[in-house]
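Spelled out, the chains give:
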Amino acid sequence: MYMIFKFFFSFFLAFPILLVNAQQDDKIENLISQLTIEEKISMCHAQSKFSSAGVPRLGIPEIWMSDGPHGIRPEINWDDWGYANWTNDYVTAFPALTCLAATFNPDLSMKYGTSIGEEARYRKKDVLLGPGVNIYRTPLNGRNFEYMGEDPYLASVLVVPYIKGVQKNGVAACVKHYALNNQEHWRGHINVEVSDRALHEIYLPAFKAAVKEGSAWAIMGSYNKFRGQHCCHNDLLLNKILKKSWGFDGVVISDWGGVHNTNEAIFNGLDIEMGTPSDKNQSKRYPYQNNFLGKPFLDKIIGNEVKESILDDKVRRILRLMLRTSLKQNKPFGSINNKQHYETAYKIASEGIVLLKNTDNFLPIDKTKRITIAVIGENAEKSMSIGGGSSELKPDKEISPLLGIQKEFRNAVIKYAKGYSSDATVNSDKLRKEALSIVKDADVVLFIGGLNKNRHQDSEASDRDSYQLPYNQPELIKEISKNNKNIAVILVSGNAVETRWKTDVKSILQSWYLGSEAGNAIASILSGEVNPSGKLPFSFPMNLNDNGAHYFGKLSYPGDGVSQYYKEDILVGYRWHDTKKIVPSFSFGHGLSYTSFELLKSSSDKNEYLINETIRVNCTVKNTGKLEGKEVVQVYAGKVNSKINRAKKELKGFKKVFIKSNQSEKIKIEIPVNNLAFYNEKDSDWEIEKGEYIIYIGNASDNIWEEISITII
Ligand code: BGC
């Protein structure tokens, strides 16, 4: 009786949605029947740098797209990459996605998506080209700052609310870059060879979550090849996995200039071709008509080489996208640069900053004291919204770290010297001397360095040349430490860097690219106004070759110019460090606080589980320090005596909790047994191994508080 009631009840609830979908389908089919072949073709490729054509005679609008992923990009010229120099395209710069990942906070991800979606809506964009969820494989990848770290579970949990937040504004999230675009070097042609296991267990889960749980309306194909075929028209990735297996009903958009072949573009799952150069000199009226999905596609349909139904499938998806976005009734107006957006940016920035090291509780710095603070480093002043490639922004405001510190420490004397410069023509000796002269008498030295958004740093289209901090920063830190021991280093970067100099300094903050509120967030952490609670979303290896991708040499990264082989397989990031017992400088999940936390007790609800059950981990965590703060309880799982190669442990659940001083909180983390499955290459399917597993509970991948043994029967 209950089951019958449940069935009718859920049908009743779903009925309005089914009805709306049926009405939408009718609308779409009706429009398709009225469109000419030429009009349908014109919808499948660009008409300008960031738009595709509509069909005015039927009221079908153009589609307008914008980067992404951490702010709405300034307007670009119609047909070249120059900025259009509008005066109404200033935006809020949100923290880059590595920072969002470091918050380990899905609620903040929802706020992020909602706010950026509102800005996209206000700017009249239908598609936001983001978020990016490529897995962090090597610290040299110039674009890691745009992604969510090295762990597929963390990225999956965080990408879903971001997408939902964006899309509730009637703006499509276009999740990128699908898939295996894990380096910028040779990104246009490198052929990635990776096992099915690593593909499904490491590189695809965040995309799968984006589609299946986040219901993303668009996906961007990546530049690289996978098993010999470019990813923008890759049969396995797009047809078989994305559209067939995951049931994606949205639009596949190419990366800009990522299409290379008409037949593959037609048959292998691409829907809209973007970024292929126009030929405006030959054809003023239709300069993109000779794109791969333009006239060559049209000719094949007219010549009966390709069935019109293949074109209709693409157009159906495009019209569905429009009904979800530009043609959606009652969508919000959007808003830009408002108080809420800055609050969101500030919250994410201050919750994402990671305290890597804090000897003798050197931080926080008492802001009531009349002390002298020497601020050293180019990144104290440099705008990090400019540069970096397509994620570049034109922020309405951007508080530099130096300004943030000046505002926060009003009782202190603040002296600033650049110390080093990214400009090779500048006299670095002079800068060095200036820095050394002001650190001598300072009570505190704040070294604000790291990487930047220049080419070969954290930037699109090129990878980093070296794992070291650039511009002789390690040498400068060493020299400063000889004059003053009270140094905190604030690393501004989206990547791990070599940190051999860490013994010369008391504290280290990993502060990412934080956008508009950068300086305010950094200053709040330095003064203790905000207690740090960020956790590293990727490992900091001691040496580059300690990273799994680099361990196997050039064929693994960057490849031989034609192909590369992901030889570390499933052992990416901390999975490699843990399993091979190669200690990193700072581990995945690591992040200190100004207070301390202790696990009082922990248990699982049972000892034995069936494969369709859920493991419930209960624990009580106490704030044993003097300040209130947030902690991220992390739960990892590892198989004992597995029949296959597995990582020692993998993140399977986490929860961020706020706990007052001397108080404790009960936390429940649920792990569906299904999530312990591995990808069985022989069966091309997921399999749950029976037997014993260890559930590890801790506050970092290298700080496990408790191990619980459970058995899957
Ligand atoms: C990037 C994409 C970006 C596109 C449009 C490409 O070069 O790889 O991430 O969305 O340009 O700017």
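Description of the nonpolar core
Across soluble globular proteins, nonpolar side chains have a tendency to be buried as a group.
Okay, step 1: Ranked by size, the top nonpolar core spans 184 residues in total, and within it Tyr178, Ile253, Ile376 and Phe540 carry the most contacts.
Okay, step 2: Core analysis: the second largest hydrophobic core is formed by 25 residues, Leu599, Ile615, Ile688 and Ile712 among them.

Some words on the site of the ligand
Okay, step 1: Taken together, 15 residues surround the ligand, and among them Asp67, Arg143, His177, Asp255 and Glu460 come closest.
Okay, step 2: Side-chain polar atom of Asp67 to an oxygen atom of the ligand: 2.5 Å apart, as the coordinates give it.
Okay, step 3: Measuring from an oxygen atom of the ligand, one finds a side-chain N or O atom of Lys176 at 3.0 Å.
Okay, step 4: Its free accessible area being 310 Å², the ligand has 96% of it covered by the protein chains.
Okay, step 5: Looking at the shell around the ligand residue by residue, the class counts come to six nonpolar, two polar and seven charged.

What to know about the packing of aromatic side chains
Okay, step 1: Following the criterion strictly, the structure yields 24 aromatic pairs and no others.
Okay, step 2: Ring centres 6.1 Å apart and planes at 55° place the aromatic pair Phe104 and Phe588 in the tilted group. Taken together, the residues Phe104 in the loop between α3 (97–103) and α4 (106–122) and Phe588 in the loop between α18 (574–580) and β17 (597–604) connect sequence positions 484 residues apart.
Okay, step 3: Of the residues examined, Phe104 reaches a relative accessible area of 0% and is grouped as buried.
Okay, step 4: An aromatic cluster is defined as three or more aromatic residues linked by ring pairs; in this entry it consists of Phe104, Tyr153, Tyr574, Phe588, Tyr636 and Phe654.

Observations concerning the side chain of Ser533
Okay, step 1: For Ser533, the position within the fold is in the loop between α16 (518–527) and α17 (548–551).
Okay, step 2: In terms of polar contacts, Ser533 uses its side chain to reach the side chain of Lys656, at 3.0 Å.
Okay, step 3: Ser533 has contacts with Glu351, Ile353, Lys630, Val632 and Lys656, leaving out every residue within four places of it along the chain.

Concerning the domain arrangement of the chain
Okay, step 1: The domain boundaries assigned to the chain delineate domain 1 (35–324), domain 2 (353–536), domain 3 (539–594) and domain 4 (597–712).
Okay, step 2: Contacts between the two partners involve 28 residues from domain 2 and, on the opposite side, 17 residues from domain 3.
Okay, step 3: Buried surface at the junction of domain 2 and domain 3, summed over both partners, amounts to about 1,800 Å²; 56% is from carbon and sulfur atoms.
Okay, step 4: Three residues, Leu356, Tyr467 and Leu536, lead the burial of domain 2 against domain 3; their summed loss comes to 35% of the area buried on that side.
Okay, step 5: Across the contact surface, domain 2 and domain 3 share zero salt bridges.

Observations regarding unusual backbone geometry
Okay, step 1: With an omega dihedral of -10°, the bond running from Lys176 to His177 counts as a cis peptide bond.
Okay, step 2: Take His177: it is sitting in strand β4 (residues 172–178).
Okay, step 3: Positive phi is not limited to glycine here, since Asn85 has a value of about 55°.
Okay, step 4: Structurally, Asn85 can be placed in the loop between β2 (63–67) and α3.
Okay, step 5: Judged by its relative accessible area of 62%, Asn85 falls in the exposed class.
Okay, step 6: Even without being glycine, Phe104 reaches a positive phi, approximately 50°.

Conventions adopted
- Residues numbered from 1 in each chain as written.
- Predicted model: local features only at pLDDT ≥ 70, side-chain atom pairs only at ≥ 80, totals over all residues.
- Heavy atoms only, no water.
- Core = buried A, V, L, I, M, F, W, Y, C linked by side-chain atoms within 4.5 Å.
- Buried < 20%, exposed > 50% of the residue type's maximum accessible area, 1.4 Å probe, protein only.
- Near = heavy atom within 4 Å.
- Polar contact = N/O pair within 3.5 Å; in protein donor to acceptor, adjacent residues only side chain to side chain.
- Areas by Shrake-Rupley, 256 points an atom, 1.4 Å probe, with all protein chains shown as cover.
- Nonpolar A, V, L, I, M, F, W, Y, C, P; charged D, E, K, R; others polar.
- Phe/Tyr/Trp six-rings, centres within 6.5 Å; stacked < 30°, edge-to-face > 60°.
- Helix = DSSP H or I, 4+ residues; strand = E, 2+ residues; numbered from the N terminus.
- Contact = heavy atoms within 4.5 Å.
- Domains from an automatic or database assignment.
- Buried area = accessible area lost by both parts, 1.4 Å probe.
- Salt bridge = Lys/Arg side-chain N within 4 Å of Asp/Glu carboxyl O.

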